[in-house]
Amino acid sequence: MNYAQFLTMQQELGVLAVFLIVFLFDTFCGKNYRSAVTPLAIVCFAAVTVYGFFCCGTGEAFGGMYVTSPVICAIKSILNLGALIVLIQAIPWINSEEGAVRRGEFFELIFVTLFGMYLMISARHFLLFIIGLESASLPLAAMVAFNKNKYESHEAAVKYMFTAIFSSAILMMGLSFVYALSNGSLYFADLAETVALGGNSVLLITAIAFVIAGFGFKLSLVPFHLWTADTYQGAPTTVTSYLSVISKGSAAFAFLVVLVQVFGTVYSDIWEWMMYALIIATITVGNLFAMRQREMKRFMAFSSVSQAGYIMLGIIAANVLGMASMLFYILVYVFSNLGVFGVIQAIENKTGYTNMNDYKGLHKTNPWLSFAMTLAVFSLAGIPPFAGFFSKILIFTAATESGSVALYVLVLIALINTIISLYYYLLVVKAMWISGDEPVIPTFKSAGSERFGLWICCAGIIFLGLISCIYGWLYCVSNTAAVEGFFKMLS
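If you're wondering where the values come from, they're calculated on a predicted model, not measured in any experiment. (Residues numbered from 1 in each chain as written. Predicted model: local features only at pLDDT ≥ 70, side-chain atom pairs only at ≥ 80, totals over all residues. Heavy atoms only, no water.)

### Some thoughts on the packing of helix α10 (residues 202-219) against helix α13 (residues 267-290)
Here is step 1 of the chain: Contact geometry of α10 with α13 gives a least axis separation of 10 Å together with a crossing angle of 40°. The interaxial crossing formed by α10 with α13 has right-handed handedness. Residue-level inspection shows L204, I205, I208, A209 and I212 of α10 in contact with α13, the latter providing I270, W271, M274, M275 and L278. (Axes fitted to C-alpha atoms, helices over the stretch in contact; angles between N-to-C directions. Helix = DSSP H or I, 4+ residues; strand = E, 2+ residues; numbered from the N terminus. Left-handed = near helix turned anticlockwise from the far one by under 90°. Contact = heavy atoms within 4.5 Å.)

Put into structure tokens, the structure is as follows:
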């Protein structure tokens, strides 16, 4: 074996190096130095995150099972940035009495899941893809159950574990059907040729439906979303924020890769219409159920279901503009969603309150948290001039680029749902700023790391809404992917 090919996996090696450093330090350092695990992990991972933005090489390893390119480096760097914000915001919780006992385990599980997500994104062979999928999914179940003294955490972990098992089984069932149609290869390129020659057989349609269903569970697409609210509510808030952003972003890009690179030749005949139904159901059901929620983590669970539908519009576009818009949407979603969860976590850590009704009059006691929450929900709702407005405009534009009537109808339905989403997002704003009730949450000073994380989120929301160079960079790397043949299998 040529071990030099491992050097192609620079970002994977970086996160593995951080994992080993944290694991060895946590294992062999004395009890008096255990608290140093947190700054060590964050500083090392911050270095890996910064390096990732300058690591834009192209190459492959293991006979083409693993590939890397500028667009792959870009999505991994976006995930790294989101994970770094999560780790910064998690400092007060992980250093508390509840989390300090298993502080090292938390960071190790985070880095293992990231490694698995990297493999999913770079895989061009389904064996490597499944290894990455399970490496990302199984540690997340342990993270959901991190608060082992809370019944809700156990329940959430059980639901997440069963969901992960069933979704993986459905996905692999679909892949087995595709394998049955092939000549015995699991390479994406070989399977794409088989799909192109096989016609629109019942077995192929069933296989694609199973694959979409398997990814649908990972992305919380309707009707595969029923685990989301209970898991988000029962898991620690830090883990919930990680699930809602990082896990969803990696799965969305991997979904795009599989659909385009394996099933691209039957795009217009089969899976385009399947995705229409999923997107409409996901956005609509997510919005309708979010309107009924008052527990903030359940509220954000259904909000994330709806947001997943908007992200899928980039997949439907299946072109350079669609890929760039999806990457930009994920980047904006990182800052906006983590901004909301940062406020929820800061309040929960100090007071234990997580109900929307408890936020009434929050601006009187905690104006900074009210401002940060307002900025974040305005971005999620797509209100100009914040970043969420431009991410929605760009992804709608990408979806309608082909000019088909069906896509215009799809985007029209998405636009109507955007108006509906304004209602329930503004319920939070109304509770904080307009409600005349006496404040429930007292004045308090949040931890410095929580404030720093919120500053990053607020800066990202404002900066991405005003400066276009970030989207220009994402369009450039997406165009590079197109030149390298990423979309060549589409029909």
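### Some points on the packing of aromatic side chains
Here is step 1 of the chain: Throughout the structure, instances matching the rule amount to 29 aromatic pairs.
Here is step 2 of the chain: For the ring pair Y160 and W227, a centre distance of 5.6 Å and an interplane angle of 70° mean the geometry is edge-to-face. Of this pair, Y160 sits in helix α8 (residues 151-181) while W227 sits in the loop between α10 and α11 (228-234); the two residues are 67 residues apart in sequence, bridging distant segments of the chain.
Here is step 3 of the chain: Between F299 and Y425 the ring centres are 6.2 Å apart and the planes differ by 90°, which places this aromatic pair in the edge-to-face class. A residue pair is termed long-range when its members are at least 10 positions apart, and F299 in helix α14 (residues 296-317) and Y425 in helix α19 (residues 405-434) qualify at 126 residues.
Here is step 4 of the chain: Taken together through their ring pairs, the aromatic side chains of F126, F129, F188, F215 and F255 make up a single cluster.
Here is step 5 of the chain: Taking NZ or CZ as reference, K392 lies 4.8 Å from the ring centre of Y310, over its face. (Phe/Tyr/Trp six-rings, centres within 6.5 Å; stacked < 30°, edge-to-face > 60°. Lys NZ or Arg CZ within 6 Å of the ring centre and 35° of its normal.)

### Section: the confidence of the model for the protein
Here is step 1 of the chain: Averaged over all residues, the pLDDT of the protein equals 87, while 98% of them reach at least 70.
Here is step 2 of the chain: Taken element by element, the predicted model of the protein shows its lowest mean pLDDT in helix α5 (residues 97-100) (69) and its highest in helix α3 (residues 70-89) (92). (pLDDT = per-residue confidence, 0-100.)

### Here we look at the nonpolar core
Here is step 1 of the chain: F106 and F263 are the most contacted members of the largest nonpolar core, which has 181 residues in total.
Here is step 2 of the chain: In terms of residue count, helix α15 (residues 320-351) provides more of this core than any other element does, 21 residues in total.
Here is step 3 of the chain: Ignoring anything within four residues of it in the chain, the contact list for F263 reads V178, V195, L204, I208, V211, V258 and W271. (Core = buried A, V, L, I, M, F, W, Y, C linked by side-chain atoms within 4.5 Å. Buried < 20%, exposed > 50% of the residue type's maximum accessible area, 1.4 Å probe, protein only.)

### Section: the pattern of salt bridges
Here is step 1 of the chain: All chains considered together, the criterion is met by 4 salt bridges.
Here is step 2 of the chain: The salt bridge partner of K76 is E12, with a shortest N-O separation of 2.5 Å. Residue K76 is found in helix α3, and its partner E12 is found in helix α1 (residues 10-28); the two are separated by 64 residues along the sequence. Of the two residues, K76 and E12, neither departs from the other in class, the shared state being buried.
Here is step 3 of the chain: A salt bridge links R298 to D230; the nearest nitrogen and oxygen atoms lie 2.8 Å apart. Of this pair, R298 sits in helix α14 while D230 sits in helix α11; the two residues are 68 residues apart in sequence, bridging distant segments of the chain.
Here is step 4 of the chain: Given a relative accessible area of 27%, D230 falls into the partly exposed group. (Salt bridge = Lys/Arg side-chain N within 4 Å of Asp/Glu carboxyl O.)

### Here we look at a nonpolar patch on the surface
Here is step 1 of the chain: Together, Y3, F6, L7, L13 and L16 give the surface a local cluster of nonpolar side chains, amounting to about 490 Å² of exposed area.
Here is step 2 of the chain: Residue position: L13 is located in helix α1.
Here is step 3 of the chain: Residue classification places L13 among the partly exposed positions, given a relative accessible area of 37%. (Patch = residues over 30% accessible without salt bridge, like charges linked within 9 Å, V, L, I, M, F, W, Y side chains within 5 Å. Areas by Shrake-Rupley, 256 points an atom, 1.4 Å probe, with all protein chains shown as cover.)

### Observations regarding the side chain of R103
Here is step 1 of the chain: One can find R103 in helix α6 (residues 103-122).
Here is step 2 of the chain: Polar contacts involving the side chain of R103 include one to the side chain of N95, which spans 3.0 Å.
Here is step 3 of the chain: Those residues within four positions of R103 in sequence are excluded, and the remaining contacts are R34, S35, V37, T38, I94 and N95. (Polar contact = N/O pair within 3.5 Å; in protein donor to acceptor, adjacent residues only side chain to side chain.)

### Describing α6
Here is step 1 of the chain: Spanning 20 residues, α6 covers 30 Å between terminal C-alpha atoms, matching the ideal 28 Å at 1.5 Å per step.
Here is step 2 of the chain: Most of α6 sits inside the fold, with 17 of its 20 residues counted as buried. (Expected span 1.5 Å × (residues − 1).)

### Quick look at helix α2 (residues 37-52)
Here is step 1 of the chain: Here α2 contains 16 residues, and its C-alpha end-to-end distance of 22 Å stays within 8% of the 22 Å for a straight helix at 1.5 Å per residue.
Here is step 2 of the chain: Where the residues of α2 are buried, they touch α1, α3, α4 (91-94) and α6.

### Topic: the packing of α15 against helix α18 (residues 387-399)
Here is step 1 of the chain: With their axes 9 Å apart at the nearest point, α15 and α18 run at an angle of 160° to one another. Comparing the axis directions of α15 and α18 gives the class roughly antiparallel. Considering how the two elements wind past one another, α15 and α18 form a crossing that is left-handed. Residues L321, G322, S325, M326, F328, Y329 and V332 of α15 lie in contact with α18, whose contacting residues are A387, G388, F390, S391, K392, L394, I395, T397 and A398. (Parallel < 35°, antiparallel > 145°, perpendicular 65-115°, else oblique.)

### Overview of the state of the cysteines
Cysteine pairs can be covalently joined through their sulfur atoms, and such a bond is termed a disulfide.
Here is step 1 of the chain: Scanning all chains against the criterion turns up 0 disulfides.
Here is step 2 of the chain: Left without a disulfide partner, C458 is nearest to the cysteine sulfur of C457, which lies 6.8 Å away.
Here is step 3 of the chain: Residue classification places C458 among the buried positions, given a relative accessible area of 5%.
Here is step 4 of the chain: Distance from the sulfur of C469, which forms no disulfide, to the nearest cysteine sulfur (C476) is 12 Å. (Disulfide = S-S within 2.5 Å.)

### Digging into the side chain of T49
Here is step 1 of the chain: Following the sequence through the fold, T49 ends up in helix α2.
Here is step 2 of the chain: In this structure T49 comes out as buried when scored by relative accessible area, which is 3%.
Here is step 3 of the chain: The residues touching T49, leaving out its near neighbours within four places in the chain, are N80, L81 and L84.

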